[in-house]
Amino acid sequence: MASRTHAGAVPSTLPRHQILDEQGAIADDALLSPYVADVTVEQLQHLYRSMTGARRVDEEGTSLQRQGQLVLWVPLRGQEAAQVGSVWPTLPTDRIFPSYREHAVALERGVAPSDLMRLFRGITAGGWDPEKHNLNLYTMVLASQVPHAVGYAMGTALDRKAAQDAGTPPETAPEAVIAYFGDGASTEGEIHESMVFAASYDTPVLFFIQNNQWAISVPFATQSRVPLATRAAGYGFEGLRVDGNDILGVVAATRYALEKIRAGEGPVLIEAETYRMGAHTTADDPTKYRERDEEEQWGHLDPVDRLRAHLRDAHGVEDEFFETVARENDEIAQRMRADVLAMTPPRFEDSFAKAYAEQHSLVDAERAEYLDYQAGFAPQDEMDDHDTRGAGA
Ligand SMILES: Cc1ncc(C[n+]2csc(CCOP(=O)(O)OP(=O)(O)O)c2C)c(N)n1
Ligand SMILES: [Mg+2]
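Residues numbered from 1 in each chain as written. Chains lettered and ligands numbered in written order. Predicted model: local features only at pLDDT ≥ 70, side-chain atom pairs only at ≥ 80, totals over all residues. Heavy atoms only, no water.

Taken domain by domain, the protein chain consists of domain 1 (16-342) and domain 2 (348-392). Here domain 1 and domain 2 have C-alpha centroids that lie 41 Å from each other. (Domains from an automatic or database assignment.)

Below, the discussion takes up the pairing of strand E8 (residues 268-273). Burial within E8 is extensive, with six of its six residues counted as buried. Where strand E4 (residues 205-211) and E8 come together, six bridges link them in parallel fashion. Opposite Ile209, over in E8, you have Glu271 as the bridge partner. (Buried < 20%, exposed > 50% of the residue type's maximum accessible area, 1.4 Å probe, protein only. Helix = DSSP H or I, 4+ residues; strand = E, 2+ residues; numbered from the N terminus. Pairing = 2+ DSSP bridges.)

Taken from the UniProt record, the annotation "domain: Dehydrogenase E1 component" (unreviewed entry) applies to residues 48-331. Within the segment residues 48-331, helix and strand shares are 49% and 11% respectively, and the terminal C-alpha atoms sit 16 Å apart. (UniProt positions renumbered as here; feature names shortened; annotations may be inferred.)

Burial of strand E7 (residues 238-243) is extensive: five of the six residues sit out of reach of the surface. Here strand E1 (residues 16-17) runs beside E7; their pairing, made up of two bridges, is parallel. Bridging across to E7, Arg16 finds its partner in Arg241. Summarising the sheet, E7 and E8 pair through six bridges and their orientation is parallel. Within E8, the residue paired with Gly239 across the bridge is Leu269. Crossover connection from E7 via helix H10 (residues 247-262) to parallel E8: handedness right-handed. (Right-handed = clockwise from strand over helix to strand, strands pointing away.)

Moving on, we come to the confidence of the model for the protein chain. Any region with low pLDDT has predicted coordinates that should not be read closely. Looking at the protein chain, pLDDT values average 94 and 94% of them are 70 or higher. Taking the mean pLDDT of every element in the protein chain, the minimum, 61, falls on helix H15 (residues 380-392) and the maximum, 99, on helix H2 (residues 80-87). (pLDDT = per-residue confidence, 0-100.)

Close to ligand 1 lie 15 residues, the nearest being Tyr100, Arg101, Met140, Gly184 and Ala185. Contact distances for ligand 1 include 2.7 Å between a nitrogen atom and a backbone N or O atom of Met140. A distance of 2.7 Å separates an oxygen atom of ligand 1 from a polar atom in the backbone of Ala185. Relative to its free-state accessible area of 590 Å², ligand 1 is covered by the protein chains to the extent of 70%. (Near = heavy atom within 4 Å. Polar contact = N/O pair within 3.5 Å; in protein donor to acceptor, adjacent residues only side chain to side chain. Areas by Shrake-Rupley, 256 points an atom, 1.4 Å probe, with all protein chains shown as cover.)

What follows covers the environment of Arg335. Along the polypeptide, Arg335 turns up in helix H13 (residues 319-342). Judged by its relative accessible area of 52%, Arg335 falls in the exposed class. For the pair Arg335 and Leu119, spaced 216 residues apart in sequence, the C-alpha separation works out to 18 Å.

What follows covers the coordination of the magnesium ion (ligand 2). For the magnesium ion (ligand 2), every protein donor is listed as Asp183 (OD), Asn212 (OD1) and Trp214 (O), and the spread of their distances is 2.1 to 2.2 Å. On the primary sequence, the residues serving as donors to the magnesium ion (ligand 2) are separated as D-x28-N-x1-W. Of this pair, Asp183 sits in the loop between strand E3 (177-182) and helix H7 (189-200) while Asn212 is found in the loop between E4 and strand E5 (214-215), placing the two residues 29 residues apart along the sequence. For Asn212, a relative accessible area of 5% gives the class buried. (Donors = N, O, S within 2.8 Å, 3.2 Å for Na, K, Ca; no water.)

This is how it looks when you write it as structure tokens:
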């Protein structure tokens, strides 16, 4: 469902894949159904935990920001199936290049919830070790991660070929790289350059677009006259359009794409059609630019409700499971909150040491100037004393 259609929109014949329909019943998809035929109820329960866990962490992120404990928060609500469904089929050796909203991806990759908050508390430029999780750091610069992902993928393919030529083929499965970006980022020039390179060199990369219908206040209809998946054909690779609120559809599309990518058949693009249910960030007010009707319509397509209905109706999963998961998620959020509140900001003067790998006379001079400036203030205890007297006056 597109939120609006542009007057000049070109009708698309590209199929929209779906496996779990809006009521949570199985819909047959000729191409993709075989890719999830083996998914067990335990695995579906894992996916449910992962989606709801991310949603709970996300809610706590918004509360922490509202209480002044985070500088900013970027809500993911609504995009849980698109994120969990695309990361779950990856191998730990696959490299992921996220944008800035991929919290469910990061959590599924083992990043601690509180580490996810570090950047948003403003105490680090990162938050986790990219090598440990094979997950690059967030970037706020739209699309900048995508040429990096393609370059990285080209490098892994060349390394593998060099090893094969030298008679030492790696024992692990060929690596795949995933670049996550949004509908808005898809209009950046770097995306075009990345796709041309990826196609020319049969690069093992999955371009995973979460089309959440909005780029801050710009609706999708303004950004593209065609579903984004159709663009792949222009570069010479396959593009799939999938219901991004359907966890099984996303898992199947991703498995299909990764299989092709690992077989050396070049890049694949997936456009997961989903919806950003909340604000763009905690600094945004969506009531200023979109209609309540639209939010309500998408509310009926909630990816978590859909999986819950499927677990209940098709697998007889009972309330106790959902209640236990909700309790566990609350505990995760409470532990995360405690960890966040215990994080002390690094001393500002230490940041000068991080400007260059080696000492630099100009940076030393700047540090000295900063310390001199700081020394001009009264000590904090005197300030506190002054504030107390002021308040009583
Ligand atoms: C290069 C660049 N241009 C503009 C911005 C400002 N900006 C931040 S988010 C955003 C919209 C992005 O929309 P989309 O790619 O759809 O991702 P979403 O936020 O919906 O997940 C814009 C324009 C930016 N961060 N970087
Ligand atoms: Mg968007």
